[in-house]
Amino acid sequence: MEPLACSAQEQQFEKIPTLIFPTPGDACAALAAEIRQLIESKAAKGETTVLGLATGSTPVPFYRELIRLHREEGLSFETVITFNLDEYHGLSRDHPESYYRFMHEQLFDHINLKPENIHVPDGTIHRDEVFEYCAGYEQAIEDAGGLDMQILGIGRTGHIGFNEPGSARDSRTRLITLDRLTRIDAAADFQGEQNVPRFAITMGVGTILAARRVALLAWGENKADIVAQAVEGEQTDAVSASFLQGHSASRFIINKAAASALKRVRLPWLTGSVTWTPDLTRRAVTWLAFKTGKPFLKLVDEEYSEHGMADLLTEHGSAYDLNIKIFNDIQHTITGWPGGKPDADDSNRPERSEPSPKRAVIFSPEPQDDVLAMGGTMERLVKQGHRVLVAYQTSGDLRVSDAETQKFSTALFEISDQSPHDWKDQLGYAQNILSQLEEKGPFGEPSPELRQLKGLIRRGDARNACEACSIRADQIEFLDLPFYKKGRYRQFTLSDEDVDSVVAVLDKMKPHQIFATGHLADPSSVQGVAFEAVRRALIKLQDTDWMKDCYVWLYRGQQRELAPHEIDMAVPMSPGQLATKLNAIQKFQSHSNSELVDGSRNRDIAVLYDKLGLAEYEAIEAFERYLPESM
Ligand code: GLP
């Protein structure tokens, strides 16, 4: 599979060659084929191949492809020597989150790499010996002949390996303090930020730059901004990946979602001639308004010409006409009636007025995704008389803290112990859970029983949050999709069973509206897999009568909000409605990681609408329409 075609002119702002593939699978197949060629051509000459490897979710599909090449196509790793980029400091090698264990589970145990050829920094080295140990790691790379190819992911701080902001271009393997954002991102793996190690051993930027070839992989919208900064920004130690600009054989290999902030994708009229579709026109005019700091209706002809958009004016007559058109377009995205306004002219509304009331299914990958993104809209749908069903795709048990589980089991233990009735079974259950928690410790693998209880605790939170949004318990369904129930982070595999369960809930409700999310998430994340289940279900159902008449609305996950030009439906909120939503979010007390939830995201969209010259609201929840042709 080839990357998407692109001219040199379109890439003029990119300081590192960037290959955009339709999917991570396509990208990984191409990279694995290159590595295979490298290994086999060197082996034919009697030479070894030295690979630098990375951890994280990103390289997982790449490792799966290497395993497939080994198993199905006979690729041998006998001549391969590997060096891993980094390791948490303070974790033993058998810790579930150690990179040593990760690499064995994800790759090493499945190929014929010689154990003596595997190198992962040792996180248990005493601080006093770290300096010497790191120098030894560098020496080992050199003794092996240097890295032929380094594979990288990228953290949201722009780090490669664990080279956090401030890492110098010539830095070498060393102990480093982890950035707060990095630790927040790792919090789910460690059941809470407080458990994430504070230090790590990492190859330096200089070590990475000394590799003969470098390939940085990135998937998903959450990586889009940092990828654009690294590829198009200045070389700076604030974004260590930007130093790859100085390497003549480095490449970024990314999917479309991770490419979405690059200029050629975001502002294509600046990188070449474009066909002005309605979407692109809306994007360009909105961009111009923000760029000039003016509301739509004050943009003038000269501003269009000065910003490479003169041909747009030729098409539309004048700035005056175009401004009004786009102003109206965006104005028409605003509605206080997310299920459609009954008996109203709906020709310029995002939703149809008929039928009324509607049936709506709201999919939420984990409990909380729904309320965080659309708690206000959920409340409105119910209050406006629609039949709403909230379908929690997974239990979200992996996010429930041990402390919360302990609290519940202790209460159960005490009440059973004090009960005048024969509550032996309950007492035994509580005792069992409490001892399991103790044996497991903060990092042990939770048993299915423990996961079940955590899932039930999470259900309680979800019901409370829904109630705060006026949704009754009988309007909630917990799908408990098997991919999550049987899996763990980075190891989720979607099966037909998952898709069938989504099909069943849709078929039962025959909704007029579906709300879903995860379409631009890392495909291996819970949200990414959960969306894939919805997408496949929609394809299966596309010929049903009700589906032909169904609108699918997408909301954004926790990290990146829709930009105004991407919004198809904007549901405004009053201060009171926002307060109700924030109150609902607070119900998720079992969450192991307390993220900041202050409504600022919803307020930010309202500020942007205001700046564009539209009405000034307290807050807005935003959706884009998912069209069948993009399925
Ligand atoms: C960690 C690793 C990096 C990795 C990054 C992103 O910080 N040290 O090597 O690139 O995580 O991880 P993910 O691929 O899960 O987004």
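Residues numbered from 1 in each chain as written. Predicted model: local features only at pLDDT ≥ 70, side-chain atom pairs only at ≥ 80, totals over all residues. Heavy atoms only, no water.

A few words on the site of the ligand. What surrounds the ligand is a group of 13 residues, the closest being Ser 57, Thr 58, Asp 86, His 159 and Lys 223. Interatomic distance of 2.7 Å between a side-chain N/O atom of His 159 and an oxygen atom of the ligand. A distance of 3.3 Å is found between a nitrogen atom of the ligand and a backbone nitrogen or oxygen belonging to Gly 161. For the ligand, whose free accessible area comes to 390 Å², the fraction covered by protein is 88%. (Near = heavy atom within 4 Å. Polar contact = N/O pair within 3.5 Å; in protein donor to acceptor, adjacent residues only side chain to side chain. Areas by Shrake-Rupley, 256 points an atom, 1.4 Å probe, with all protein chains shown as cover.)

Here 3 strands make up an open sheet; going across it, the order is β4-β8-β7 and the pairing antiparallel. Looking at the sheet topology across the chains shown, the edges are occupied by β4 (86-88) and β7 (174-177). Each strand axis lies, on average, 25° off the axis of its neighbour in the sheet, ignoring direction. Two elements, β4 and strand β8 (residues 199-202), share 3 bridges in a ladder whose sense is antiparallel. Opposite Glu 87, over in β8, you have Ile 201 as the bridge partner. Here helix α4 (residues 127-143) sits on the sheet in contact with β7 and β8, set at roughly 125° to β7. (Pairing = 2+ DSSP bridges. Helix = DSSP H or I, 4+ residues; strand = E, 2+ residues; numbered from the N terminus. Axes fitted to C-alpha atoms, helices over the stretch in contact; angles between N-to-C directions. Contact = heavy atoms within 4.5 Å.)

Here the domain parsing of the chain yields domain 1 (18-265), domain 2 (269-331) and domain 3 (359-400 + 447-630). Taking the mean C-alpha position of each, domain 2 and domain 3 sit 33 Å from one another. Listed per partner, the contact involves 11 residues of domain 2 and 11 residues of domain 3. Summed over both partners, the interface of domain 2 with domain 3 comes to about 960 Å²; 67% of that surface belongs to carbon and sulfur atoms. Our count for the domain 2 to domain 3 interface comes out at 1 salt bridge. (Domains from an automatic or database assignment. Buried area = accessible area lost by both parts, 1.4 Å probe. Salt bridge = Lys/Arg side-chain N within 4 Å of Asp/Glu carboxyl O.)

The strand order across the open sheet formed by 7 strands is β13-β12-β11-β14-β15-β17-β16, and the pairing between neighbours is mixed. One side of each edge strand has no neighbouring strand; the edge strands of this open sheet are β13 (476-478) and β16 (569-573). Ignoring strand direction, the axes of neighbouring strands in this sheet form an average angle of 25°. Of the pairings in the sheet, the one linking strand β12 (residues 387-392) to β13 comprises 3 bridges and is parallel in character. Counted as the bridge partner of Val 390 is Ile 476 from β13. Along the sheet, helix α18 (residues 496-509) makes contact with β11 (359-364), β12, β13 and β14 (513-516), crossing β11 at roughly 160°. Those strands touched by helix α21 (residues 575-585) are β16 and β17 (619-626), and its axis lies near 95° from that of β16.

The next thing to look at is unusual backbone geometry. Omega for the bond connecting Glu 354 with Pro 355 falls within 30 degrees of zero, at -10°, which places this linkage in the cis form. Summarising the element assignment, Pro 355 is placed in the loop between α12 (319-331) and β11. Following Ser 356, the chain continues to Pro 357 via a peptide bond in cis, the omega torsion being -5°. If you trace the backbone, Pro 357 turns up in the loop between α12 and β11. One non-glycine residue, Asp 343, lies in the positive phi region at around 60°. As for its position among the elements, Asp 343 is in the loop between α12 and β11.

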